[in-house]
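# Commentary on secondary and tertiary structure
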Amino acid sequence: MTENPTISTRQRQLEALLFAATEPLDLRTLRACLELEPEFDEGIVVDLEVLQVHFEGHGVHLVKTAGKWAFRTAIDLSGLLERHKVVPRKLSRAALETLAIIAYHQPTTRAEIEEIRGVATSKGTLDVLMETGWVRPRGRRMVPGRPITYGTSSQFLEHFGFDTIKELPGLTELKGAGLLDINLPPEFQVPLPDDGAELAQDELPLEEGFYSENTSENSGK
Amino acid sequence: MTENPTISTRQRQLEALLFAATEPLDLRTLRACLELEPEFDEGIVVDLEVLQVHFEGHGVHLVKTAGKWAFRTAIDLSGLLERHKVVPRKLSRAALETLAIIAYHQPTTRAEIEEIRGVATSKGTLDVLMETGWVRPRGRRMVPGRPITYGTSSQFLEHFGFDTIKELPGLTELKGAGLLDINLPPEFQVPLPDDGAELAQDELPLEEGFYSENTSENSGK
Amino acid sequence: MTQGENGDEDWEEPGTERTDPDDKGFIVDVDGFEGPLDLMLALVRTHKLDLTHISILYLAEQYLSFIKEARSLRLDIAADYLVMAAWLTYLKSRLLLPDEPSDDEEPTGADLAARLAFRLKRLEAMRGAAEILMEGRQLHVDFFPRGQPEGITVLRESVYTANIYDLLSAYASGRLRKVVSVIRPGRERRKVWSLKRARAQLEKIIGFDCQWAPIDALLAGFLDDPEERKTVLAAAFGASLEMAREGVVELRQDSAFNPLYVRRKEGEK
């Protein structure tokens, strides 16, 4: 190893100590590690400050927080230390069903979904659907309680390859595909979905802030 | 923060990445973190070498180990870092001998280890070595019985601070003395140890499941 | 299995415990040796022999006297040590007798000795290598990684996948489940023809006609309602069988699924 003229032995030692430390170190600990007496404190601080200057502009800084010293990666490089990993996930049966009901019956409320499914919809199911970005809250139904109305997003159309929501197969097509029994009661209807941006006649707009809060995760992509 | 004229942005980024990393990083990972194309590899290596020179004489060095890059404290400061010392599990003489035989003769089979040691190898010895993560089953030798071939892992290199297996101490002398030959006669060409990921000409891959089962602790991280 | 292998006692300095300068050179104890080669290396060390110019003949003699002594003390000696002793005895004879010019297949005594010397040197070399390796720098002992790495944060982003078929089948099955659950027994009485009613109708229609006639043609007036069709046919068929059994009517069908013909049996009523 070549001698580096710009760095003293003490500075080298401090560097190694702070590098290997599992937590920020205060002056007393550093001094104890170096096996020095308290009168050397001042000198140690000088050495730490020299090191601090040395690392200025580097990718790693020597920082002092709460009276303790530690190496930290430069704040402006924090983005570098993040790696995005895409994890493919499957929707649960309940989520798929809820999504489909929202798609066909939109704008629809949670109560309506539950009425159609015949079971209560867990909060998680709707949360997951919001996370997919395929479902969005549209407004509020003009009924007591002002329940939120849900509809599908343009991402929904993109993912499932529809140009418009009108392309969702209707009753005849579902029957033709063998997905619906031929012998359904005559009152069985499959609605014509509408995901239009304009609110329906019985819909009120969402209050300011609601929408963005609930869909912030979806928009970022 | 003041601009440091002696260090480039790329170098800063590499510094930050390697400081923050929990394990040595290879060129590919570094390049991926920097979001660069493969043609920048050469430039990255140059930057790494500049950093390496920069840290010469410091308390912390940039080293290349097992083909990957990592910051490590200077060897001469080990006494200072006594309290971070992890006392390695003491290996039995049989295990140590077996480790050395595997390291210097790899890829090698149990029968070859026994031929060199002149004694049967207990199951426990190889198990202990696999547990350290330093030894891994590589494949199967294309001879009757298809015995498993053993070699050292990248953790072995990282632990003992080697970049490649060619840095094993005394390798040239041992080779020169013909002592790395499994079979006699000494005047024949002597093979060098090879821990390369590619199997040797007389090696077959391990069956699915065997490898991962035995080295899951090692590879996962 | 030889001694020492499973015990894994940490013999730091093989031979030191066994050497006793006041005695004949070493204490006879085969425990702790890692096989015959290990024992021979211990003998090399005990007798301060030079491995590079070793006299295998001399070493063989040492080995054999060691084993002899061990046996005289009735110590348990594992088979490999005895096999080696036997082989060394043979080697000794080969080395002492002049080599006869024989066929090339047979290695000479010198060849065998050289081979043994090589194996000893190789094992010794591997031991030395292990020692150097462990004395060298080691991670977390002589050099250290960063104690508090920030690590590279992996931001996991879930991407949901579903295809149109998943969606549609979920919708259909969800809707159908509700349809099924809506049906309550008794809400709407199903029209069912009893056997009795079918028989009464059949008797009325057939009357006294003794001509063959297809049964569904006879019942044509009752088959218009799709809801009733099945039950009418089933009940009428059952009734016709009953009447045939009683000998009131005759039935005829040419083959399966062909029309079923019925007529009043002649002479009956």
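Scroll up a little and you will see the structure.
Let me sum up the structure you'll find in this document.

Each value, and the rule that gives it
Numbering of residues starts from 1 in every chain and runs along the sequence as written. Chain letters and ligand numbers both follow the written order, the letters beginning at A and the numbers at 1. The predicted origin of the model limits local features to residues at a pLDDT of at least 70 and limits the giving and counting of side-chain atom pairs to 80 or more, whereas totals for whole chains, interfaces and linings rest on all residues. Side-chain measures here rest on the full set of heavy atoms in the structure, leaving out hydrogens and waters. Salt bridges are defined as contacts in which a side-chain nitrogen from Lys or Arg sits within 4 Å of a carboxyl oxygen from Asp or Glu. Only DSSP runs of H or I with at least four residues qualify as helices, and only runs of E with at least two residues qualify as strands; both kinds are numbered from the N terminus onward. Burial classes: relative accessible area under 20% of the type maximum marks a residue as buried, over 50% as exposed, and values in between as partly exposed (1.4 Å probe, protein chains only). Two strands form a pair only when DSSP identifies at least two bridges running between them. By definition in these notes, contact holds between two residues if any of their heavy atoms fall within 4.5 Å. Fitted lines through C-alpha atoms give the axes, limited to the stretch in contact for helices. The angle between two N-to-C directions lies from 0 to 180 degrees. When two parts are brought into contact, each loses some accessible area as probed by a 1.4 Å sphere; the total of that loss over both is the buried area. Ring geometry is summarised as follows: Phe, Tyr and Trp rings, the Trp one being its six-membered ring, pair when their centres sit within 6.5 Å, and such pairs are stacked at plane angles under 30 degrees, edge-to-face over 60 and tilted between the two. Two conditions define a charge sitting above a ring: the NZ of Lys or the CZ of Arg must be within 6 Å of the ring centre, and it must be within 35 degrees of the ring normal.

## Let's talk about the pattern of salt bridges
Pairing of side chains with opposite charge becomes possible as their charged atoms draw close. Scanning all chains against the criterion turns up 35 salt bridges over all chains. Across the salt bridge formed by Glu131 of chain B and Arg89 of chain B, the nearest N and O atoms sit 3.4 Å from each other. On the criterion of sequence distance, the pair formed by Glu131 of chain B in helix 6 (residues 123-132) and Arg89 of chain B in the loop between strand 2 (68-73) and helix 4 (93-105) is long-range, its members being 42 residues apart. For Arg89 of chain B, a relative accessible area of 57% translates into the label exposed. Arg115 of chain C is paired through a salt bridge with Glu115 of chain B; the nearest N and O atoms lie 3.4 Å apart.

## Focus: the sheet that holds strand 4 (residues 135-141) of chain B
Note on sheets: strands pair through backbone hydrogen bonds, and any given pair is parallel or antiparallel. Residues and elements named next belong to chain B. Here 4 strands make up an open sheet; going across it, the order is 3-5-4-6 and the pairing antiparallel. With partners counted over all chains shown, the strands left at the sheet margins are strand 3 (108-109) and strand 6 (203-205), one partner each. Pairing geometry for strand 4 and strand 6, over 3 bridges, is antiparallel. Note that in strand 6 the partner of Arg140 across the bridge is Leu204. Running over the sheet, helix 4 touches strand 3, strand 4 and strand 5 (148-152) and is turned about 90° from strand 5.

## Re the interface of chain B and chain A
Each partner contributes to the interface: chain B provides 32 residues, whereas chain A provides 33 residues. Carbon and sulfur atoms supply 65% of the area buried between chain B and chain A, which totals about 2900 Å² over both sides. A salt bridge links Arg12 of chain A to Asp76 of chain B; the shortest N-O distance between them is 2.9 Å. Every element with two or more residues in the side of chain B that touches chain A is listed here: helix 1 (9-20), helix 2 (27-33), strand 1 (60-65) and strand 2 of chain B.

## Details of the packing of aromatic side chains
The relative placement of two aromatic rings is captured by the distance of their centres and the angle of their planes. Taken as a whole and assessed by the stated rule, the structure comprises 15 aromatic pairs over all chains. When the ring of Trp134 of chain A is compared with that of Phe160 of chain A, the centres are 5.2 Å apart and the planes differ by 65°; the resulting orientation is edge-to-face. With a gap of 26 residues between them, Trp134 of chain A in the loop between helix 6 (123-132) and strand 6 (135-141) and Phe160 of chain A in helix 7 (residues 154-160) connect regions that are remote in the sequence. For Trp134 of chain A, a relative accessible area of 4% corresponds to the buried category. An aromatic cluster of three or more residues is present, and its members are Phe19, Phe55 and Phe71 of chain A together with Phe19, Phe55 and Phe71 of chain B. Across the ring face of Phe188 of chain A, the terminal group of Arg175 of chain C is positioned such that the distance to the ring centre comes to 4.3 Å. Over the aromatic face of Tyr261 of chain C sits the side chain of Arg252 of chain C, whose NZ or CZ is 4.9 Å from the ring centroid.

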